[in-house]
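One letter stands for each residue in the lines below.
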Amino acid sequence: MKTIAFLNSKGGVGKTTSTMLTALALHKAGYRVMVRDTDPSGGSSTWAFRAEDGGTPLPFVVDTPNQESLTRGVKANLDFVLIDTPPLMSGTLARRIDEIADVIVIVARPGRLDENRTMDTFDNFDSPRAILINGAKANTKALKELQEIIESKGLSVFDTIVPEREITRNAMGGNSVPVKSQFQEFALELINTTKSLEK
Ligand SMILES: Nc1ncnc2c1ncn2[C@@H]1O[C@H](COP(=O)(O)OP(=O)(O)O)[C@@H](O)[C@H]1O
Ligand SMILES: [Mg+2]
């Protein structure tokens, strides 16, 4: 079982969207998944409730652990546990996530003036981690600037770049991965990343 946490101290960068669409993509690829929502404002759990209310329930469990139950793990037989996180988390929650995560995905959105927050988030954790660029518009200054900062600091970044798309914006509450969202591709890259860590 691999635990993957989606982080950025900035809100609105796409942590919940990335957590949920990656979970749906992993499920579609045949893996047993679960999402743990550690955001008190209820990112992933809101998504799950909407899916249920809309008659398209999610094919996996979304639970809401507290700091204690988070480190106890889950009893189910799973391949991937994905953790959605709040923008501003306590030091305790951050340490616990760092303790249990096999991989940390730092979600960064070009042009949100959050480059420093992204870099701070990167520096504050020790687990194997890489940046996922989400909400990118091709050939824009914002995307280029973010890529340049990442490269100049020598930070790891996933090859998959998630584009800004209307279908992705409207994915909240749905139970399938929008075809052109790039999350199916990202899930495959993530699987390979976790496999390469085992070697
Ligand atoms: N790739 C994307 N394309 C378009 N809209 C996106 C994308 N990623 C996220 N969004 C939208 O941006 C907003 C914030 O995303 P969310 O996942 O809730 O961020 P966070 O969990 O980091 O606060 C939501 O309205 C979501 O639908
Ligand atoms: Mg969220």
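Residues numbered from 1 in each chain as written. Chains lettered and ligands numbered in written order. Predicted model: local features only at pLDDT ≥ 70, side-chain atom pairs only at ≥ 80, totals over all residues.

A few words on the packing of helix H1 (residues 15-28) against helix H8 (residues 183-198). Packed helices, taken two at a time, are described by the angle their axes make and the gap between the axes. Contact pair H1 / H8: the axes reach a minimum separation of 8 Å and the direction vectors enclose 75 degrees. Classed by the angle they form, the pair H1 and H8 counts as roughly perpendicular. Contacts between H1 and H8 involve Leu21, Thr22, Ala25 and Leu26 from the former and Phe183, Gln184, Phe186, Ala187 and Leu190 from the latter. Of the residues in the contact of H1 with H8, the class split is 7 nonpolar, 2 polar and no charged. (Axes fitted to C-alpha atoms, helices over the stretch in contact; angles between N-to-C directions. Helix = DSSP H or I, 4+ residues; strand = E, 2+ residues; numbered from the N terminus. Parallel < 35°, antiparallel > 145°, perpendicular 65-115°, else oblique. Contact = placed C-beta atoms within 7 Å. Nonpolar A, V, L, I, M, F, W, Y, C, P; charged D, E, K, R; others polar.)

Bringing the sheet that holds strand E1 (residues 2-7) into the picture now. Strand order in the open sheet formed by 7 strands is E3-E2-E4-E1-E5-E6-E7, with parallel pairing between adjacent strands. Looking along the sheet, the strands with just one partner apiece sit at the ends: strand E3 (61-63) and strand E7 (157-163). Along the sheet, successive strands turn relative to each other by an average axial angle of 25 degrees, direction set aside. Relative to strand E4 (residues 80-84), E1 runs parallel, the two sharing 5 bridges. Bridge pairing in E4 places Thr3 opposite Val81. Contacting E1, strand E2 (33-37), E4, strand E5 (103-108) and strand E6 (129-136), H1 crosses the sheet at an angle of about 165 degrees to E4. Strand contacts of H8: E1, E5, E6 and E7, with the helix running at about 165 degrees to E7, the strand carrying the most contacts. (Pairing = 2+ DSSP bridges.)

You will see that Asn139, though not glycine, has its phi angle at about 60 degrees, which is positive. Locating Asn139 in the fold gives a position in the loop between E6 and helix H6 (141-153). Positive phi, normally seen in glycine, also occurs at Gln182, with a value near 80 degrees. Within the secondary structure, Gln182 sits in the loop between helix H7 (166-169) and H8.

Taken together, 16 residues lie near ligand 1, and Gly14, Lys15, Thr16, Thr17 and Arg169 sit nearest. Of all the secondary structure elements, the ones that give two or more residues to the shell around ligand 1 are H1, E6 and H7. A per-element tally of the shell around ligand 1 places H1 first, with 3 residues. When its residues are assigned to classes, the shell around ligand 1 shows 3 nonpolar, 9 polar and 4 charged. (Near = placed C-beta within 6 Å.)

Purely geometric numbers; function is a separate question.
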